[in-house]
Amino acid sequence: MQRITIIDSHTGGEPTRVVTAGGPDLGSGSITDRLSRFRSKCDRFRSAIVNEPRGSDSMVGALLCEPSDPSCAMGVLFFNNVGYLGMCGHGTIGLIVTLAHLGTIGPGDHRIETPVGIVTATLHRDGSVSVANVPSYRFLRSVPVEVAGIGQIHGDVAWGGNWFFLVENHGQLLDRTNIPNLIDGCGRIRQAICRQGHPEIDHVELIGPARSVGAHSRNFVLCPGGAFDRSPCGTGTSAKLACLAADGLLGENELWVQEGILGSTFTGRYRWLDRAKGTIAPIITGTASIIAEGTLLLDDRDPFCWGIPLLNQEIPAT
């Protein structure tokens, strides 16, 4: 019987499960080396932690590890129902609130090593967290895509720690009552993008008008594995900021309030890193709430000890 201690939180409605003890020993080396070992040798642990019957398709896991960069306080590997995430904005906010709950960290700046670069998370005294994310940029503007059952749409390809295809003129109602249609439509868009030669794009983000007072836009984000992001999506908001900056629609250090499909919000801003290349340094601020402390039991005699994998997986684990 293997015991895994965890703390669960949610950030704007999106869950994060931090493994606090009992995780696999991934050895030493770079964070990417340890990610490679996690993927090749310990993938069933990922599935056991976040998939049913212990988790859900929307659950994101976080495994702490020693940083290889001495300037960092910690390293982290984020994972979900089908694989691994380069970065996770809501997960970083949840991680910092979890560590504060444990008394491991206090208010201030905390450098975190991820597989796609170093981020700095600032725990404020009011409990909110600001994440200075990895450099973000728009890679392609207004890419035409022919989508089965929808027709031709146009979207931007942008990097915010994960790859996104952002669509504004999509004809969909961004409302929680329309979530089944949004999932179906975004799934079709993602399949079309992959067929068009962009298999690296595993997040689709629809943009529409905001509902909340003070918010600038609402989004719906379909994540790898078919789950939608309950939060406004930290890396997705970073990608959106990169597009706004590239189009001259948001100035440096101006605030952008991004609303998610449930109505929760993140506040974003950016500074330029390279205007010529369109590269920005985004900062995303949000809050998380601790919702559970627990111990997961892994027993090989259990036929579903290592999780129930997604039955209809659109994108293979990466």
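Remember, predicted model here, so these are calculated numbers, not experimental data.

### A look at the overall build of the protein chain
Thinking step 1. Of the regular secondary structure elements, the protein chain holds 5 helices and 17 strands.
Thinking step 2. A globule of 318 residues ought to have a C-alpha radius of gyration of about 20 Å, and the protein chain, at 19 Å, matches this closely.
Thinking step 3. Overall, the protein chain is about 50 × 45 × 35 Å in size when its C-alpha atoms are taken along their principal axes.
Thinking step 4. Evaluated residue by residue, the protein chain yields a buried proportion of 55% over its 318 residues.
Thinking step 5. Contacts in the protein chain between residues at least 24 apart in sequence constitute 61% of all its contacts with a sequence separation of at least 6.
Thinking step 6. For the protein chain, the exposed area adds up to about 13,300 Å²; of that, 50% sits on carbon and sulfur atoms.
Thinking step 7. Across the protein chain, the mean location of the 26 positive side-chain charges is 1 Å away from that of the 31 negative side-chain charges.

### Describing the pattern of salt bridges
Thinking step 1. Scanning the model with the defined rule gives 10 salt bridges in all.
Thinking step 2. A salt bridge links E168 to K240; the nearest nitrogen and oxygen atoms lie 3.0 Å apart. Of the two residues, E168 is situated in the loop between β11 (163-167) and α4 (179-195) and K240 in helix α5 (residues 234-246); the sequence distance between them amounts to 72 residues.
Thinking step 3. Judged by relative accessible area, K240 falls into the buried class, the value being 5%.
Thinking step 4. Ionic pairing is found between R218 and E259, a salt bridge with its closest N-O pair at 3.2 Å. Linking R218 in strand β13 (residues 217-222) with E259 in strand β14 (residues 256-259), this pair joins segments that are 41 residues apart in sequence.
Thinking step 5. A single salt-bridge network, built from bridges that share partners, covers R138, R141, D156 and D247.

### Some words on the packing of aromatic side chains
Thinking step 1. Scanning the model with the defined rule gives 8 aromatic pairs in all.
Thinking step 2. Measuring from ring centre to ring centre gives 6.4 Å for F38 and F45, while their planes differ by 50°; the resulting arrangement is tilted. Accessibility assignment for this pair places F38 and F45 in one class, buried.
Thinking step 3. Measuring from centroid to centroid gives 5.6 Å for F220 and F228, while their planes differ by 25°, and the two rings are stacked.

### A look at the confidence of the model for the protein chain
Thinking step 1. For the protein chain, the mean per-residue pLDDT works out to 95, and 97% of the residues sit at or above 70.
Thinking step 2. Across residues 312-318 the pLDDT falls below 50, and counting only partners more than four positions away or on other chains, this stretch makes 14 contacts in the model.

### A closer look at α4
Thinking step 1. Taking 1.5 Å of rise per residue, the 17 residues of α4 would be expected to cover 24 Å, and the 24 Å separating its terminal C-alpha atoms lies within 8% of that figure.
Thinking step 2. For α4, the elements touching its buried residues are β9 (137-147), β10 (151-159), β11, β12 (203-208) and β13.
Thinking step 3. One or two residues past the end of α4 sits G197, with phi positive at roughly 105°.

### Considering the nonpolar core
Thinking step 1. In terms of nonpolar packing, the biggest core is built from 57 residues, with F165, L206 and F220 touching the most fellow members.
Thinking step 2. It is α4 that provides the largest number of residues to this core, a total of 6 residues.
Thinking step 3. If you look at the next biggest cluster of nonpolar residues, it comprises 21 residues, including L35, I49, Y84 and C305.

### Some thoughts on unusual backbone geometry
Thinking step 1. Residue P53 is reached from E52 by a cis peptide bond, and omega for that bond is 10°.
Thinking step 2. Looking at where P53 falls in the secondary structure, it is placed in the loop between α2 (43-50) and β3 (60-65).
Thinking step 3. A positive phi angle, near 70°, is found at N253, a position not held by glycine.
Thinking step 4. In this structure, N253 sits in the loop between α5 and β14.
Thinking step 5. Here N253 falls in the partly exposed class, since its relative accessible area comes to 46%.

### Focus: the environment of A148
Thinking step 1. The topology assignment puts A148 in the loop between β9 and β10.
Thinking step 2. Along the sequence, A148 and D175 sit 27 residues apart, while their C-alpha atoms lie 22 Å from each other.

### Details of the side chain of N162
Thinking step 1. Assignment of secondary structure puts N162 in the loop between β10 and β11.
Thinking step 2. Only 3.3 Å separates the side chain of N162 from the backbone nitrogen of G86, close enough to count as a polar contact.
Thinking step 3. In terms of polar contacts, N162 uses its side chain to reach the backbone carbonyl oxygen of M87, at 2.8 Å.
Thinking step 4. Residues within four places of N162 in sequence aside, it is in contact with L85, G86, M87, H203 and T235.

Thresholds applied
Residues numbered from 1 in each chain as written. Predicted model: local features only at pLDDT ≥ 70, side-chain atom pairs only at ≥ 80, totals over all residues. Heavy atoms only, no water. Helix = DSSP H or I, 4+ residues; strand = E, 2+ residues; numbered from the N terminus. Rg over C-alpha atoms; globule rule 2.2 N^0.38 Å. Buried < 20%, exposed > 50% of the residue type's maximum accessible area, 1.4 Å probe, protein only. Contact = heavy atoms within 4.5 Å. Areas by Shrake-Rupley, 256 points an atom, 1.4 Å probe, with all protein chains shown as cover. Lys, Arg positive; Asp, Glu negative; His and termini not counted. Charge placed at Lys NZ, Arg CZ, Asp CG, Glu CD. Salt bridge = Lys/Arg side-chain N within 4 Å of Asp/Glu carboxyl O. Phe/Tyr/Trp six-rings, centres within 6.5 Å; stacked < 30°, edge-to-face > 60°. pLDDT = per-residue confidence, 0-100. Expected span 1.5 Å × (residues − 1). Core = buried A, V, L, I, M, F, W, Y, C linked by side-chain atoms within 4.5 Å. Polar contact = N/O pair within 3.5 Å; in protein donor to acceptor, adjacent residues only side chain to side chain.

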